[in-house]
Amino acid sequence: MNKRIAVFASGRGSNLSAIIEAVKNKKIRADLSLLVSDNPQAGAIEKAKAAGVRVALVERKDFGSKEDFEKKIIEHLEENKIDLIVLAGFMRMFSPALVERFKFMIINIHPALLPSFKGSHAIKDAFDYGAKVTGVTVHFVDELMDHGPIILQEAVAVAETDTPETLEEKIHKVEHRLYPEAIELFVEGRLKVEGRKVSIR
Ligand code: GAR
């Protein structure tokens with residue numbers, strides 16, 4: 001039986017589109033069963049709907065506590081029998097309890113070479129810092145921000161002619177190729193985690 005994926009997105013959803021495309025083309029051999037978003041304005045919601053992907057909108061403001069907010073998320077994940085949680089621009093940290101409940105079942109993409117430039121403005125931060133090389137990281141999620149074991153990484157050179165916008169374009173292009181690749185490795189059961197090291201079998 002196919003593995004079932006949930007994508008989590010708070011924003012425009014270009015990585016979601018790349019994943020939808022890769023599932024369609026069988027570059028990811030799994031079912032894209034659910035989009036979870038915490039933002040009713042997220043472009044990702046329309047993209048999911050257009051592709052026939054079920055959408056769960058779970059807004060933090062509708063819950064008295066983070067625990068209740070996450071309880072609702074877990075309900076959706078269980079209802080949909082999710083095997084892999086793919087964070088694609090989901091701008092919230094999960095509690096240690098949720099991370100533990102789905103240990104090594106949550107992956108994230110970050111637009112820099114971790115551990116450099118953590119946080120939510122990584123592309124601009126690398127650009128402003130004057131980095132000559134930045135890149136993309138796909139990693140398992142642990143209880144710390146942008147921290148868990150690294151699955152795939154790819155460097156992107158910063159040209160002298162780059163602007164934050166052109167650099168962002170370059171990074172997104174790499175993301176849209178690298179994330180489906182990492183997801184397929186997970187789906188095929190080829191990732192082995194030992195401490196911080198992830199080997200590909
Ligand atoms: C992506 O560039 C992703 O790497 C970044 O958010 C963007 C979402 O774009 N994530 C982080 O910065 C996480 N720290 P998208 O909505 O077009 O896929």
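Everything below is about the structure shown above.
Below you will find a few notes about this structure. (Residues numbered from 1 in each chain as written. Predicted model: local features only at pLDDT ≥ 70, side-chain atom pairs only at ≥ 80, totals over all residues. Heavy atoms only, no water.)

### As for the side chain of Ser 14
- Its location among the elements puts Ser 14 in helix α1 (residues 14–24).
- In this structure the side chain of Ser 14 is engaged in a polar contact, spanning 3.3 Å, whose partner is the side chain of Arg 12.
- Among residues more than four places away in sequence, those in contact with Ser 14 are Lys 47, His 172 and His 176. (Helix = DSSP H or I, 4+ residues; strand = E, 2+ residues; numbered from the N terminus. Polar contact = N/O pair within 3.5 Å; in protein donor to acceptor, adjacent residues only side chain to side chain. Contact = heavy atoms within 4.5 Å.)

### Observations concerning the pairing of strand β8 (residues 191–194)
- Where β8 and strand β9 (residues 197–200) come together, 4 bridges link them in antiparallel fashion. Along β9, the bridge assignment pairs Val 193 with Val 198.
- Between the antiparallel neighbours β8 and β9 lie 2 residues, among them Gly 195 with a positive phi of about 65°. (Pairing = 2+ DSSP bridges.)

### Regarding the site of the ligand
- Taken together, 14 residues sit near the ligand, with Arg 12, Gly 13, Ser 14, Asn 15 and Glu 175 positioned nearest.
- One of the side-chain N or O atoms of His 110 is found 3.1 Å from a nitrogen atom in the ligand.
- Here His 172 contributes a side-chain N or O atom positioned 3.2 Å from an oxygen atom of the ligand.
- Here the ligand loses 90% of its free accessible area of 450 Å² to cover by the protein chains.
- At the level of secondary structure, the elements contributing two or more residues to the shell around the ligand comprise α1, β5 (106–110) and α6 (164–187).
- Split into classes, the residues belonging to the shell around the ligand amount to 3 nonpolar, 8 polar and 3 charged. (Near = heavy atom within 4 Å. Areas by Shrake-Rupley, 256 points an atom, 1.4 Å probe, with all protein chains shown as cover. Nonpolar A, V, L, I, M, F, W, Y, C, P; charged D, E, K, R; others polar.)

Geometric values such as these leave the question of function open.
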